[in-house]
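So the chains spell out like this:
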Amino acid sequence: MFKIIEKEFLSENVARLVIEAPYIAKSRKAGHFIILRIDENGERIPLTISDANIENGTITLIVQRVGVSSHKLCSMNAGDSILDVVGPLGTATHIANVGTVLCAGGGVGVAPLFPIVQAMKLAGNRVITVIAARNKDLVILEDQMRAYSDELIIMTDDGSKGKKGLVTLGMEEVILREKINEAIVIGPAIMMKFAALTTKKYDIPTQASLNTIMVDGTGMCGACRVTVGGKTEFVCVNGPEFDAHKVNFDEMLNRLNAYKAKESKCYREYLETSEAVLN
Amino acid sequence: MESELNEEYYKNERKADWRDKLRKEMKSKDRTNIPKIHMIEEDPLVRNKSNIEVNKGLTLALALQESRRCLDCVAPTCIVGCPVGTNIPKFIKYLEAGDILGAAKVLKENNSLPAICGRVCPQEIQCEAQCVYVKKLSGEGAAIGHLERFVADYDREHGDNSIPAIAEPNGIKIGVVGSGPAGLTVAGELAKFGYDVTVFEALHDLGGVLKYGIPEFRLPNSIVDFEINTIKQMGVKFVTNFIVGKTATFDDLKSEGFVAFFIASGAGLPNFMNIPGENFNGVVSANEFLTRVNLMGGGKTQFDTPVHAGKNVVIVGGGNTAMDSVRTAKRMGAERAIIVYRRSQEEMPARAEEIKHAIEEEIEFINLTTPIEYFADENGNLNKMRVQKMGLGEPDASGRRRPIPIEGSEYDIDVDSVVIAVGVSPNPIIQQSMPELEVTKWNTIKVDENMMTSIPGLFAGGDIVRGGATVILAMGDGRKAASGIHAYAQKLVLAESV
Ligand SMILES: Cc1cc2nc3c(=O)[nH]c(=O)nc-3n(C[C@H](O)[C@H](O)[C@H](O)COP(=O)(O)OP(=O)(O)OC[C@H]3O[C@@H](n4cnc5c(N)ncnc54)[C@H](O)[C@@H]3O)c2cc1C
Ligand SMILES: Cc1cc2nc3c(=O)[nH]c(=O)nc-3n(C[C@H](O)[C@H](O)[C@H](O)COP(=O)(O)OP(=O)(O)OC[C@H]3O[C@@H](n4cnc5c(N)ncnc54)[C@H](O)[C@@H]3O)c2cc1C
Ligand code: SF4
Ligand code: SF4
Ligand code: FES
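### Some details on the overall build of chain A
1) Next: Counting secondary structure elements, chain A contains 10 helices and 16 strands.
2) Next: What you see for chain A is a C-alpha radius of gyration of 18 Å, in line with the 19 Å of a compact globule of 279 residues.
3) Next: Burial analysis of chain A (279 residues in total) assigns 57% to the buried set.
4) Next: For chain A, contacts bridging at least 24 residues in sequence account for 66% of all contacts bridging at least 6.

In structure tokens form, the structure reads like this:
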């Protein structure tokens, strides 16, 4: 059992959870994720380790409510326990001093972006961060990002905070203004697709962190497979980060919908239960 | 696979009075005239809609009848066919004498998981293939597997389920990576020697392939859990959700006092065929399909994990995994559940019994055929596959005739789900975390005759050493490694005490 030490909502649909997991706290690096299962009947869902505290033996997760499992997780509170947490999974982000790094995050992709922003800054890079959300209430981790960024640009779809427009607009402004040595983009697949097209135009080496469907997270099932440069890769063991210019995002978008019909139905049914209403 | 038969030993043992007497109760001629028994099976058209175990077990009367067929041979060649050298005539004769718990004791001398082996061993190519009935009398071998299962089940249900004798705890910590049959066996054996054993398992449940792979209708989880419980009672600790090489490295664990390790991480990496359309939705690996169903409860209403249960399902492959997948698909409600296999039925690596059961359960077989492309609708959901017929050429390295594509024989099959079961490769996590570990070109871990890897104190066995093999071979490795680890640890203790 893995105890929840702290829990707060960062925005209406995004919660931050601090969980006791001493081994993982010690061995995790930026870019790593975990897989958890809330209870006996739960599914295994992957979540990025957003932060960790070795002394306290805790890891921080930031989770957006999108379906049954993430909803249940967001409804848990400090003192509750999660049945299974395994990790750290995936390959750590390659962190080096390359000069100027452009970090772009959309939606809940801002959460997994944070440890990378942090590590890139600590490695001595100039870090420019662009975070995007639909409106001002959905902007998360602003202060944390600002603390580790030389410049933070906030974009909202409706202009209720920062600049009005999509993440790509903010990225392009920076790219036109100064030399970018490397870019990292994390967010919904569709956002990463267009962010990758943007940096490709300017030949900027770009990493994307892929959030495919997973089961075991250890290379055993192949549910997480994507095509990168014409080759099938397992995101859980060889990723989650890949050269964004080589990822077949259209295929990935399709694969994310593999269980959509069933999941939406389950979620609708779940929302009608008292458990969901109470929370 | 075959071991030397220590004929002297078995001859002397055979001379025991009670065995002598038993043999004389019936003439060999009469014994050979007894008809071979058949397993009691659930009705195929009932079982293919449920998860109840297909083989229902033997009655006492059937078990006794079969036990009398065994001739208690002077040179019991059957033993040579068993990878762990089970003392087959001895256990069968205890059974014939009516001492079933005594028979169980004999089984447990060499095999810590007889209820599992009795169910899943490919007996027809192992012990039973070496039985004198097959070798000399051109008949059907004694039903050793069925009897083994009967005795082990009886022991579980009626015995005192006492745990094996355990030596005084020696406080020496040994780590085991993986809780499949290899890991479980090593853990049980080392506990008997008095070691402080911890098994680390990456998944949230224990048992390896026995749990996530082999389905309930062939090997009920309750049986696997029973065996794991016995090992727990022997003092072995189990830690789930712990990936050695990720959650902590071997060096981390050494600093916590572990002196030796056994790697039994299995062959979990699914192979794909790399043909066009393989990443469309609806094409999954057998591991994914079976894991979603067996480990995650996919398809049952109270569980959150979704599974794609198609109406027209094709399983590509001809091994045990393919048979398990196709029979599972049928049970999930498929109207057509089809095996597409590139050779003919004769070359199928699956157990004969599984193929027979599948046929009875209305599984369709399209043999000598291979997929060459998948097609999907505008949403990327699989709706069709193109296959090509194959002819058989000269035997290849595996001794089976090589399939050769027949030009112009392509045709399409309507499908909404395809499960790929064309083999697995070794799980790469340990090797990735330890580049200095010596591996073969297939990425299996290299071991010496004591199952020790190129790194002292690090042992390995089961599928991670053999590639996809069998439960009993994994267990055999576990036993061998336990002796190897014991010798290694005792040497360390001696060195320290000087
Ligand atoms: C490496 C990795 C890191 C991730 N990090 C985070 C994170 O830090 N914060 C966060 O909020 N989310 C993260 N995700 C996504 C998160 O795992 C999914 O949102 C979650 O599994 C959805 O489960 P659900 O039951 O709530 O929704 P569901 O009803 O299952 O699905 C809703 C939608 O979410 C997507 N989805 C479903 N299952 C998965 C799955 N197993 N993995 C990915 N997407 C899925 C699908 O597009 C689906 O249509 C990450 C995913 C990966 C692969
Ligand atoms: C569907 C299917 C049907 C089969 N049917 C039969 C049959 O009828 N008869 C037969 O004899 N054989 C059968 N087999 C083969 C048999 O199951 C295997 O040969 C056997 O299970 C191998 O045992 P193992 O202990 O080496 O590994 P596994 O059973 O694969 O167990 C390995 C375990 O290690 C864990 N692990 C991996 N890496 C790590 C790590 N780094 N840290 C911690 N844990 C880790 C895995 O999660 C897994 O639980 C079948 C296999 C499959 C897939
Ligand atoms: S363990 Fe397997 S091979 Fe050995 S006797 Fe039993 S059924 Fe036969
Ligand atoms: S070879 Fe067959 S008949 Fe002879 S002892 Fe073994 S099982 Fe019995
Ligand atoms: S999640 Fe199963 S292989 Fe990646």
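There's more to say after this.
### A closer look at a negative patch on the surface
1) Next: Residues E12(A), D137(A), D157(A) and D158(A) make up a contiguous surface patch of negative charge.
2) Next: For D158(A), the location among the structural elements is in the loop between β10 (151-156) and β11 (163-164).

### Topic: the pattern of salt bridges
All names here are of chain B.
1) Next: Inspection of the entire model under this criterion finds 54 salt bridges over all chains.
2) Next: Residue E53 pairs with R149 through a salt bridge whose shortest N-O separation is 3.2 Å. Here E53 is found in the loop between α4 (44-47) and β2 (55-57), whereas its partner R149 is found in helix α11 (residues 144-158), with 96 residues between them in sequence.
3) Next: Accessibility expressed as a relative area gives 17% for E53, which makes it buried.

### Some remarks on the pairing of strand β12 (residues 182-186) of chain A
All names here are of chain A.
1) Next: Most of β12 sits inside the fold, with 5 of its 5 residues counted as buried.
2) Next: Every second residue of β12 is oriented toward a common face, with E182, I184 and I186 on one face and A183 and V185 on the other, all of them buried.
3) Next: Bridge analysis of strand β8 (residues 100-106) against β12 gives 5 bridges, and the strand direction is parallel. Looking at β12, one finds that V101 is bridged to E182.
4) Next: The pairing of β12 with strand β13 (residues 206-209) spans 3 bridges and is classified as parallel. Looking across to β13, one finds that I184 is bridged to Q207.

Parameters and conventions
Residues numbered from 1 in each chain as written. Chains lettered and ligands numbered in written order. Predicted model: local features only at pLDDT ≥ 70, side-chain atom pairs only at ≥ 80, totals over all residues. Heavy atoms only, no water. Helix = DSSP H or I, 4+ residues; strand = E, 2+ residues; numbered from the N terminus. Rg over C-alpha atoms; globule rule 2.2 N^0.38 Å. Buried < 20%, exposed > 50% of the residue type's maximum accessible area, 1.4 Å probe, protein only. Contact = heavy atoms within 4.5 Å. Patch = residues over 30% accessible without salt bridge, like charges linked within 9 Å, V, L, I, M, F, W, Y side chains within 5 Å. Areas by Shrake-Rupley, 256 points an atom, 1.4 Å probe, with all protein chains shown as cover. Salt bridge = Lys/Arg side-chain N within 4 Å of Asp/Glu carboxyl O. Lys, Arg positive; Asp, Glu negative; His and termini not counted. Charge placed at Lys NZ, Arg CZ, Asp CG, Glu CD. Pairing = 2+ DSSP bridges.

Fair warning: the whole summary comes from geometry, so function is off the table for now.
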